[in-house]
Each structure stands twice: as structure tokens, then as C-alpha cells.
Amino acid sequence: MAQTRSTCPYCGVGCGVLIETAGSGEDARVIGVRGDPDHPANFGRLCTKGATLHLTATPLVRAQQRLLQPAWRPTRDEALQPQDWDTTAQRLADQLLAIRAQHGPDAIGFYISGQLLTEDYHAFNKLARGLVGTNNIDSNSRLCMSSAVVGYKQSLGADAPPACYEDLERTDCLFIAGSNTAWAHPILFRRIEAARAARPEMKIIVVDPRRTETAEFADLHLALKPGSDVALFHGMLHAAIWEGWIDAAFIERHTSGFRALKALVRAMTPAESARLTGLKEEQILQAAQWFAQSPSTLSLYCMGLNQSSSGAAKNTALINLHLATGQIGRAGAGPFSLTGQPNAMGGRESGGMATLLPGHRDPGNAAHRDEVAALWGVEAMPERPGKTAVELFQAAARGEVKAMWIACTNPAQSMPDQALVRAALERCELVILQEAFAGTATADFADVVLPAATWAEKEGTVTNSERRISRVRAAVPPAGESREDWRIVRDVARRMEAALRPGRASLFAWERPEQLWLEHREATRGRDLDIGGLSYAMLEEAPRQWPWPEGAVDAKARLYEDGAFPHADGRARFIAKAFQPPAETQDAKFPLALSTGRLRDQWHGMSRSGTVARLFAGEPAPALSMHPQDIARRGLEAGALVRVASRRGPLIVPLRADERVGPQRAWLPMHWGSEFLGGRGQLGINALTQPAYCPDARQPELKFAAVRVEPVSLPWRVFGAAWVRPGEGAALRAQLRVLMAQAEYACCLPGPANEALEGWSLELAFAEPPPAPVVQALSTVLQLNGVGVLRYADGRRGRSRSLRLDGEGAEARLQALLRVGEGSEGAWLDALWSERAAVAPFGRRLLAPDAEQPAAPASPQVCNCFDVREDAIAACLQRQPEGSPEARLAALQGELRCGTQCGSCLPALRRLVQGSASAGGRPVSVEVKEAT
């Protein structure tokens, strides 16, 4: 067995991983993954997603669920046809040149990804700006981090997070705003848990409309109205000024603009802040006191602040608090934005967004444009402002952008206002999709598909949330004919520059990723992120933080310790922006505030994490969460299908009662796109979200949409499912997805993890008896038309069941199932299929017309690592004698092992322990026990 050091491709924590492989050369295969104990981001720990990375790179996944060769669609109505790389690259170059010649360079747009490596970002940026001549290049980081970028630049003078992970252990007050860290950044939350265990006096404040697992761990949970963060922060600042909790000396020596801000917040008294936020005045005063008077205060913030039409204002309002109280530039203090994607920071450094140039330069600054042009050896950088993500798709929908090159992202799932996004893709003359995984929603709109190498197959660098650059290394060859993203760009670019720069030295003379990184390094010299003193060799030795200029012997773990900021006058700036409510209003027609967020075990659109069946165990199906009182008030029923409608369109989804969601609010996980959830005319979760964006950051308000929720009458149900041999699951899923548009509601999901089989199910719901052709087509897909199939049919009542068994006698199991009927008739069979339970005890009831076998649904999985479910945990806790919550949790871990490996389930275990003992008082704080 061989071992390769690399970095996790999921969130911005940037965990180090050790990839275990067997075989060599072309026969090498990934067989395992574990945390790198020497990596300073995680010290060997991994969350559930990271711990299952090897399952996304098995030979089966690489052969069946990856894009393996270039393909081109002859016409929009035809299937993609395989094509060799040379023909594809030349054809792409020719078409892009033709569009540029006819419509100009701004008719071409690039939409790339925070999951690309820094070297890939550099390649795309140089192609777009240096060769094509357009600033129309933006990243899906626009959807998650652009408000943080603008906040740092406006307030502090540069896009540079001033704190580091070590500050989690050093802080006295942790202020978490708009981040469910326990689920979105689990490894950082492990460090928070350990810090609290070591220092119980640490205060934790969580600002979040929902009572998330992070909020449950807090000393003070501020469950404010969605979108009212600025009112909260201004109310806290008012209190700090009034009570004398500000650092007047720091303000005088190191800042500017405080007088204007003080005048603005004068009217935002704690009472007014309480009115606008829905909080109690005493909560706001307590938060202000802890924030200002703690020896050190560290804030962590993420999408709850960023994904807003006031995103920059929310960021700067929080930074204002740090500046006013002097909570910055020292251990345990500072505003620390948590990066959403593995290399969103690298994309910001390399200028891979419409509003950035390499080295944290500004495309609106002529001197900055000249500097980059000189570095790249081109005459000039384009001057016209580039279109950011939402603007890019709006322009394509208007017909202004004719070609769209999309890389490593899935806008037909992740962008807001899906109707507009899909109209834009349909109108484009040329849609290029550069992607690793097959089956994304965007692939349905692509004219050409370029198979990209991915994690475990490519070389380069990424930068995490604390400015730490880590190497990404290849452990196996790329799957099929897939290639590194930078190489794909290079091969097209070289063909284009033969026409645009004939006879001149190539801008893309790269043969290995280090050459791109060296060009990137030169763009940072003399800038705030200077890495002129780093080399690939040094990064081979260990991850390094920037800045690291020439001659440096170490990095700066913390910035601004000397009180000098990158603004021209050396001072940080207070930004005075008044509170503005969300762009959309709740009213009688749309009375609920919908927010979207992350699940613990899934990632973005699930193109990668969705290849691992076991990651669905904790949250196996989509559901809309609402407070039980709102459900009762509207005459709804938990578990039933409901229609959620925003001003952009509807979505049908099951309803779940959840007391952690506040009144007049609703919550949906962000991951469920049309690949999993749909129906006739439905486009996934983001059909509901709005494209309104922050005027400064251009980041859309994905965290707020006004919706109504109403009952829907779809009594007729069709459920089909089958287990197939390994390697056949991808084909089965593709066949099932074709049928999703035939029903008013459809949900296509994988079966539970099974080493010997792959399973997929499809549920359809109809207002009238389902059309016979749909049922027949599904029966054919599930291979339930031949001999040996058990059948029951009642034509008068429109009921039917078809069962195919695997095995005989006491060993027989349901291999495939198709049931049709009204309501939940026969639904108890679904659990028999999913759990692979023996069917012999049920005998004739399997086909009996009205037989109902009470079968409780499988208890929710809590611990993914050891498949420990909630009922087993409850039974274990009942057997335990009374004791402290800490002792009961330790006993639970000792007996069931849950929470002893990755630790991602510890917040849920803590809640179950407290619930079983009805414990009050301070939250339990326990350090993760490492598995032996």
C-alpha cells in the first residue's frame, strides 16, 4: 500500500488527508483515506464527508459516475457524441474565435469554481482577460464569499482574514454569526468543543434564526429575524458606546470614520434593535458586554451574513464592532470569515472573479491593470467591468453573452432563480461544461462536455480560511481520458492564440502545474498577500501561511498586530451603512421567510458526495422544516406533501415539523437540485430563491425568500425501487430520472449503503390515477415485466404491486418493488426493500389487497462512522444510571463508539443526552475521543 499526502476537496477548513492506494501506474486505485496528523488545519481529524472521500474515487465510481471522454452534442435535441481531445480543442477554439469576431470579447463568459486549484484559476483568468479580452469571468465563490471580500477591503483595506485557527483556543469570547459551524465546518467545531472543555469560562454567542446544533452549544443564542443582522450589530455598538465599553485609544490611533458611524447608530438603541430583530433588549446588552469586555473576542461568520442583499453591510457592521472595541490584531481576537469552498481563497488571490485581478488588485484601477498586463506580457487588460455571476446569466438570458464556459460547478442547481438560469443556458449559442462527475443538471444544457480530473488525480495548491497554502497531490492517474483543468484550458488557448497572437511567444507555455503557480507568485510580490519567499519545494515540506515575502523565515499567523492597516493612510475604516431589510418582503400572499442551508453529511449539489450512499443515512430525503405551530395554524400535516411557492415559482416537497425553526419561517437544505427532487415544471430548491444581490458585493440573497406553504392534493402514489449489481446503479438512476418530469412530484434517491449492491428508488405523486405508460415504463426500468415476478392488480381501485425476490425461502429479500395506489397503501413494503429484510414472515400479505404491516420507519442515523441510530442511542441512555451529562455521554461513547471517530455527531449526541436527562444549565462540553 502506498500513501500520498493531499488536501480535502470539500470546505474551506483545508484539512490534510492521507490517500491510501494499492497497485501502481495505470493500475493504481484509491482504497482508503485518513486525516493527516501533521497538517495544522486538522491534526488528523476528518468529518463524515472527508472520512468517506475514498468512496468517491473507487474504481467503480471512476468508471460509472465520472465523465470519461470529451463529447459534443450535434444539435440541442441530440445526445452527446464522443470526440477525441484534439478535435474537441480545435473545434472549441474555432467556435469561440467566431463568436468573438462577430459579437466581441464580452459575448464570451466564464463561470468557474472555488473548487478549482489556484493553478486552474490562473489558467482561466489568463485565457479570459489576457487572450479573449473580457472581464466576464466570475466564480461560484460569488455565491458564498464575495461579501466577506468586500467587507475586509472596505474596512481593513485588503481581503485578508486577520486571525487563524489557533485563535479558537486562545479566545475568551467566541461570536458565531450566520454559521452553523457544527455542520458546515465540523473540524473547526471539534476545536471549539475542545477549547470549551479546556477553558469552561469561555463565552460562546451564536447569532442564527434557527436553533442549530451550533446554537445549542452556545451560552447565548440570538435567534434574530432573518436579515436583521445589521440592526443587531448597530444595537450592540450603541450599547458599547453608551456604556463606555469601546477602546477610545485604539479608535483614535488606528481608525477613521468613527464619528459618522457613531451618529448613524445613535438612533439604534438596544430597544430599537430589539424591535427590528425580534430579540430581547437584555440579550442585546449581554452580547454587547461579552463582546466588548472579554479580554479577547473572535468572530466566526459565513453564509448567514454573506448571502444577503446587505451582505457587505453585515460584514462591515461586524468588523465595526471589532474596531470599536479594539478586538483585532492580537491572539484570540478579530473578525474571521469562514471560507465555504476548498479554494475560494486561492481564487480571490489569483483574481478569478469579475471584480478582482491577480494579487488582490482591482480591475477598475488603471495602474493595477497595467501591472498585470506587464506581468503577463500582453498589451493591456480589458477595461469594461465584468459581469458577476447573477449578471452573467441575466446577460445570457438577454442574448448578450453568446458562449458560456462553465468549470467545476453546477449553476443549473446552485444559482438562484433557476427559471432564468436555464433560460440563459438555452439561449446561449455555445455552452461548455468542464466537469468531473456525470449526471449534473447543467450537463443537460451543455453543447460540449470536457472531462476534468479531480481529487486524488491532480496536482496543485489550495488556500484555506486561515491563509494557509497546502499542496494537492495526485495518487492515481486521471479517470478515463479526463485531464487537469489547467491543461484543458491551455490546449484550447494555444489554438486560439495562433489566430489572435500569430508569431508571438505563447502565453500558455506550461507543461506542469508549478509553472502556473510561479506566475501566480509573481503577481503577489509587494502586495498584502506576498508569497515571493515561498516555493513549491517549501510547500512540499509543509503547508504555509501568507504573507511570506522574500527573505521571511516564517508566516504571520495574525495580521495587523502593529495596528497598521493596508489603506493608504494606514488606518482601518469604520463603514457607516444603515440597516436595510431583505430585498423581498413577507406579506399576506407570501407570509413565511424561507432560508436555505447545509446538511452535515452533504456538499453543495452532491455531484461528489452524492456518489456515497452512506452519506444519505442521516438525512435520506428532502423536507421543508417549519415550526409545529405554523403547521397547525395553516391546516398542514407533517409528513404530507406541500407546495412551497415564492414569487419565482413553486416546489412540491414533504413537510417536517421542527421546533428549532422559528415561527413564520421555513428552512430547506441547499443540496436538493432537480437531479434528486422535481416533478413537472419544477427546478429544485433554487427555483424558489431570489437573484437580488448586494450592491457592493454582487452576492445574491440566497438566505431569504418570501414564500407561502399550502397543502397539495396528490393522493396517487407510485413507488419503484431496485437493487442492482455494483456498476449498474448509475444506469438505473439515469433511467429513473427520465421519468421524473412525468409526475407533479418526483424524488429519486439512493438506497442505503450496501457493499454488495447498489439501490435507487423513485417516488412519484399524481392528482389523478397515474398514466399507464408511466407505470409501464417504470416497470420496464425495474425489470418487473418478465417471469418470476409476483403481481397483484386491482383495476377497479387502480392499485397494483409487482415484486421481484432475490433468494429463496427464509433468505428471500425484495430485489425490486413497484407499487401503485392511493395514499400510503402498501408503503410498508418500502422499508422491507430498503432494509433488505427477509420477506418470508409476511407471506401472503406481500400481495394481499388491504394488508398493512405496521413497520416503523428506520430510526434516523446519528453517527455515520459506526452507523449508530437514534433508537440505539435512546436505549443505551435508558440503561445508564443517572449521572452528569458528561459521564452519560462518555458511557454512551464507550458502549456504542458513536462520536469517537470523526466527531461530527457530537452535537447531536449532546442534545440526546441532555434530552434524556432533562438536563438544564450550561451545555455539555466534551473533547472527541480518538478511535484506536
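About the cut-offs
Residues numbered from 1 in each chain as written. Predicted model: local features only at pLDDT ≥ 70, side-chain atom pairs only at ≥ 80, totals over all residues. Heavy atoms only, no water. Helix = DSSP H or I, 4+ residues; strand = E, 2+ residues; numbered from the N terminus. Salt bridge = Lys/Arg side-chain N within 4 Å of Asp/Glu carboxyl O. Buried < 20%, exposed > 50% of the residue type's maximum accessible area, 1.4 Å probe, protein only. 1 Å grid on protein atoms, 1.4 Å probe; cavity = no way out; pocket = protein on both sides within 12 Å on 5 of 7 lines; lining within 4 Å. Points joined across faces, edges and corners; volume = space filled by probe spheres on them. Nonpolar A, V, L, I, M, F, W, Y, C, P; charged D, E, K, R; others polar. Expected span 1.5 Å × (residues − 1). Arc of directions from axis to C-beta. Contact = heavy atoms within 4.5 Å. Polar contact = N/O pair within 3.5 Å; in protein donor to acceptor, adjacent residues only side chain to side chain. pLDDT = per-residue confidence, 0-100. Pairing = 2+ DSSP bridges. Axes fitted to C-alpha atoms, helices over the stretch in contact; angles between N-to-C directions. Core = buried A, V, L, I, M, F, W, Y, C linked by side-chain atoms within 4.5 Å. Phe/Tyr/Trp six-rings, centres within 6.5 Å; stacked < 30°, edge-to-face > 60°. Lys NZ or Arg CZ within 6 Å of the ring centre and 35° of its normal. Parallel < 35°, antiparallel > 145°, perpendicular 65-115°, else oblique. Left-handed = near helix turned anticlockwise from the far one by under 90°.

A closer look at the environment of His322
For step 1, the next point in the chain: Relative to the helices and strands, His322 resides in helix H15 (residues 311-325).
For step 2, the next point in the chain: Along the chain, His322 and Ser299 lie 23 residues apart, while their C-alpha atoms are 8.7 Å from each other.

Describing the pattern of salt bridges
For step 1, the next point in the chain: All chains considered together, the criterion is met by 64 salt bridges.
For step 2, the next point in the chain: We note a salt bridge from Arg170 to Glu166, for which the minimum N-O separation is 2.9 Å.
For step 3, the next point in the chain: By relative accessible area, which is 38% here, Glu166 ends up partly exposed.
For step 4, the next point in the chain: A cluster of three or more residues bridged by salt bridges with shared partners is formed by Arg483, Arg490, Asp491, Arg494 and Glu511.

Here we look at empty space enclosed by the protein
For step 1, the next point in the chain: For the structure on display, the rule yields 4 cavities of 30 Å³ or more.
For step 2, the next point in the chain: Volume-wise, the second largest cavity comes out at about 90 Å³.
For step 3, the next point in the chain: In this structure, the second largest cavity is lined by 13 residues; those nearest its centre are Cys8, Tyr10, Cys11, Cys15 and Cys47.
For step 4, the next point in the chain: Listed by contribution, the elements that provide at least two residues to the lining of the second largest cavity are helix H1 (48-51) and helix H8 (186-198).
For step 5, the next point in the chain: Along the lines of polarity and charge, the residues of the lining of the second largest cavity split into 10 nonpolar, 2 polar and 1 charged.

A look at the layout of surface pockets
For step 1, the next point in the chain: Here the second largest pocket is characterised by a volume of approximately 510 Å³.
For step 2, the next point in the chain: Looking at the second largest pocket, it is lined by 24 residues, and the ones nearest its centre are Lys153, Leu356, His360, Arg361 and Asp362.
For step 3, the next point in the chain: When residues of the lining of the second largest pocket are assigned to their parent elements, the largest contribution, 5 residues, is made by helix H5 (residues 146-156).
For step 4, the next point in the chain: Among the residues forming the lining of the second largest pocket, the class breakdown is 7 nonpolar, 8 polar and 9 charged.

A short note on helix H3 (residues 85-103)
For step 1, the next point in the chain: The end-to-end C-alpha distance of H3 is 27 Å, a good match for the 27 Å that 19 residues give at a rise of 1.5 Å each.
For step 2, the next point in the chain: For H3, the full list of buried residues reads Trp85, Thr88, Ala89, Leu92, Ala93, Leu96, Leu97 and Ile99. Take H3 and look down its axis: the buried residues cluster within an arc of 165 degrees, on one side only. In this structure, H3 carries Asp86, Ala101 and Gln102 as exposed residues pointing more than 90 degrees from its buried face.
For step 3, the next point in the chain: Structurally, H3 contributes buried residues whose contacts are with strand E4 (71-72), strand E6 (108-112), strand E14 (403-407), strand E15 (430-435), strand E16 (448-451) and helix H21 (485-500).
For step 4, the next point in the chain: The backbone nitrogen of Asp86 has a side-chain oxygen 3.1 Å away, supplied by the residue at the start of H3, namely Asp84.
For step 5, the next point in the chain: Trailing H3 by a residue or two, Gly104 shows a phi angle of about 95 degrees, which is positive.

Digging into the confidence of the model for the protein
For step 1, the next point in the chain: Chain-level statistics for the protein give a pLDDT mean of 95 and a share of 97% at 70 or above.
For step 2, the next point in the chain: Within the model, the stretch residues 919-932 combines pLDDT values under 50 with 46 contacts to residues more than four positions away or in other chains.

Some thoughts on the sheet that holds strand E27 (residues 705-711)
For step 1, the next point in the chain: Here 6 strands make up a closed barrel; going around it, the order is E21-E25-E22-E24-E23-E27 and the pairing mixed. Neighbour-to-neighbour, the strand axes of the sheet open up by a mean angle of 45 degrees, direction not taken into account.
For step 2, the next point in the chain: When strand E22 (residues 624-626) meets strand E25 (residues 665-669), the two strands line up antiparallel, connected through 2 bridges. For Ser625, the partnering residue across the bridge sits in E25 and is Trp667.

Points about the pairing of strand E31 (residues 790-794)
For step 1, the next point in the chain: Where E31 lies against strand E32 (residues 799-806), 5 bridges are found, and the strand directions are antiparallel. Of the residues in E32, the one forming a bridge with Leu790 is Leu803.
For step 2, the next point in the chain: Taking the residues between adjacent antiparallel strands as the criterion, E31 and E32 are bridged by 4 residues, where Gly798 takes a positive phi near 70 degrees.

Things to note about the nonpolar core
For step 1, the next point in the chain: Counting residues in each nonpolar core, the largest one holds 107 residues, and the members touching the most others are Ile192, Ile204, Leu300, Leu624, Met626, Trp672 and Leu736.
For step 2, the next point in the chain: Leu232, Trp245, Leu279 and Trp546 belong to the second-largest nonpolar core, a separate cluster that totals 60 residues.

Some details on the packing of aromatic side chains
For step 1, the next point in the chain: For the structure shown, the criterion picks out 18 aromatic pairs.
For step 2, the next point in the chain: Pairing Phe616 with Phe676 gives two aromatic rings, centres 5.9 Å apart and planes at 45 degrees, and the pair type is tilted. Taken together, the positions of Phe616 in the loop between strand E21 (592-597) and E22 and Phe676 in the loop between E25 and strand E26 (677-678) put the pair 60 residues apart, joining distant regions of the chain. With respect to burial, Phe616 and Phe676 carry one shared label: buried.
For step 3, the next point in the chain: An aromatic cluster is defined as three or more aromatic residues linked by ring pairs; in this entry it consists of Phe110, Phe124 and Trp405.
For step 4, the next point in the chain: Directly above the aromatic system of Phe217 lies the positively charged group of Arg196, at a separation of 5.1 Å from the ring centroid.
For step 5, the next point in the chain: Against the face of Trp546 rests Arg467, its NZ or CZ located 5.7 Å from the ring centre.

Overview of the side chain of Gln327
For step 1, the next point in the chain: In this fold, Gln327 is placed in the loop between H15 and strand E13 (334-337).
For step 2, the next point in the chain: A relative accessible area of 1% places Gln327 in the buried class.
For step 3, the next point in the chain: A polar atom in the side chain of Gln327 sits 2.9 Å from the side chain of Arg330.
For step 4, the next point in the chain: Not counting the four nearest positions on each side in its chain, Gln327 is found in contact with Phe291, Ala292, Ser294, Pro295, Ser296, Thr297, His322, Ala333 and Gly334.

Thoughts on the sheet that holds strand E19 (residues 544-545)
For step 1, the next point in the chain: A sheet is described by the order of its strands in space; here 3 strands give the open sequence E17-E18-E19, paired in antiparallel fashion. Pairing within the sheet leaves two strands with one partner each, and these edge strands are strand E17 (460-463) and E19.
For step 2, the next point in the chain: With 2 bridges connecting them, strand E18 (residues 468-472) and E19 associate as antiparallel partners. Along E19, the bridge assignment pairs Arg468 with Gln545.

Overview of the packing of H3 against H21
For step 1, the next point in the chain: Interaxial distance between H3 and H21 falls to 9 Å at its minimum, and their mutual angle equals 50 degrees. One element, H3, and the other, H21, form an angle in the oblique class. Every pair of crossing elements has a handedness; the one defined by H3 and H21 is right-handed. Along its contact with H3, which presents Trp85, Asp86, Ala89, Gln90, Leu92, Ala93, Leu96, Leu97 and Arg100, the element H21 presents Ile488, Asp491, Val492, Arg495, Met496, Ala499 and Leu500.
For step 2, the next point in the chain: For the contact of H3 with H21, a count of residues per class yields 11 nonpolar, 1 polar and 4 charged.

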